[in-house]
Amino acid sequence: MGKITMKNLHEFGDITLSLAYFRNLSLPPTSSVLDIGTRFGSFVKSLYEIGYSQVMGIDTDESAIIKGRESYSDIKNCLIPYRGISIPFNDNSFDIITMFDVIEHIPN
C-alpha cells in the first residue's frame, strides 16, 4: 500500500491502527463499506488504496469533508457531509460499517 499523504490534515484517530484492525478481519474487497465520522476521509482513502472500491465516508463537519475532497480527489464523491441526525442511506446499503474514534467526540 502506498503512503497516505494527508496534506496538512490532522486526523483525531490513528488511521494506521484502524487500517491494521480492519485488515485483520480479512473482509472481501468486494464489500461495501461506510465509515461514520470519517473526518477528512483518510481511512476511506486507505481502504480504497488496498482495493475496496465501494467505500463511503460521512461526517458532520462539512469543512473537514471539503478538505478531504480537495486532498483526495479520487474519492471526493465518496465523502459526504451529513447533519448527524440520520444516516443518508437506505437500510442494508452497506456490508460493513466502521466508526473509529468517534464516540468520544459526541457531546450528548
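Residues numbered from 1 in each chain as written. Predicted model: local features only at pLDDT ≥ 70, side-chain atom pairs only at ≥ 80, totals over all residues. Heavy atoms only, no water.

**Describing the overall build of the protein chain**
Along the backbone of the protein chain there are 3 helices and 4 strands. Along the chain direction, N to C, the helices and strands of the protein chain fall in the order α-β-α-β-α-β-β. Counting all 108 residues of the protein chain, 39% fall into the buried class. Taking as baseline every contact in the protein chain between residues at least 6 positions apart, the subset at least 24 positions apart corresponds to 63%. (Helix = DSSP H or I, 4+ residues; strand = E, 2+ residues; numbered from the N terminus. Buried < 20%, exposed > 50% of the residue type's maximum accessible area, 1.4 Å probe, protein only. Contact = heavy atoms within 4.5 Å.)

**A word on the packing of helix H1 (residues 15-24) against helix H2 (residues 42-49)**
Where H1 meets H2, the closest approach of the two axes is 10 Å, and the angle between their N-to-C directions is 45°. Compared by their axis directions, H1 and H2 come out oblique. The chirality of how H1 crosses H2 is right-handed. Packed against H1, whose contacting residues are Ile15, Ser18, Leu19 and Phe22, the element H2 presents Ser42, Phe43, Ser46 and Leu47 at the interface. (Axes fitted to C-alpha atoms, helices over the stretch in contact; angles between N-to-C directions. Parallel < 35°, antiparallel > 145°, perpendicular 65-115°, else oblique. Left-handed = near helix turned anticlockwise from the far one by under 90°.)

**Quick word on the pattern of salt bridges**
One pass over the structure, following the stated rule, counts 3 salt bridges. Note that Arg39 and Asp61 form a salt bridge whose closest N and O atoms lie 3.8 Å from each other. On the criterion of sequence distance, the pair formed by Arg39 in the loop between strand E1 (33-36) and H2 and Asp61 in the loop between strand E2 (55-59) and helix H3 (62-71) is long-range, its members being 22 residues apart. We classify Arg39 as buried; its relative accessible area is 17%. The closest approach of N and O atoms between Lys45 and Asp74, which form a salt bridge, is 2.6 Å. A residue pair is termed long-range when its members are at least 10 positions apart, and Lys45 in helix H2 and Asp74 in the loop between H3 and strand E3 (79-81) qualify at 29 residues. Three or more residues are tied together by salt bridges with common partners; here these are Lys45, Glu49 and Asp74. (Salt bridge = Lys/Arg side-chain N within 4 Å of Asp/Glu carboxyl O.)

**Section: the sheet that holds E1**
Reading across from one edge, E3-E2-E1-E4 is the order of the 4 strands in this open sheet, with parallel pairing throughout. Two strands lie at the open edges of the sheet, namely E3 and strand E4 (96-98), each paired on one side alone. Taking the axes of each pair of neighbouring strands and ignoring which way they run, one obtains an average angle of 20° across the sheet. Strand direction decides the pairing type here: E1 and E2, joined by 4 bridges, are parallel. Directly across from Asp35, in E2, lies its bridge partner Gly57. Sheet strands in contact with H2 are E1, E2, E3 and E4, and its direction is about 180° off that of E2. This element, H3, spans E2 and E3 of the sheet and lies at about 160° to E3. (Pairing = 2+ DSSP bridges.)

**A few points about the side chain of Thr38**
Take Thr38: it is sitting in the loop between E1 and H2. Contact partners of Thr38, with chain neighbours within four places excluded, come to Glu11, Val44, Gly57, Ile58, Asp59, Ile65 and Leu79.

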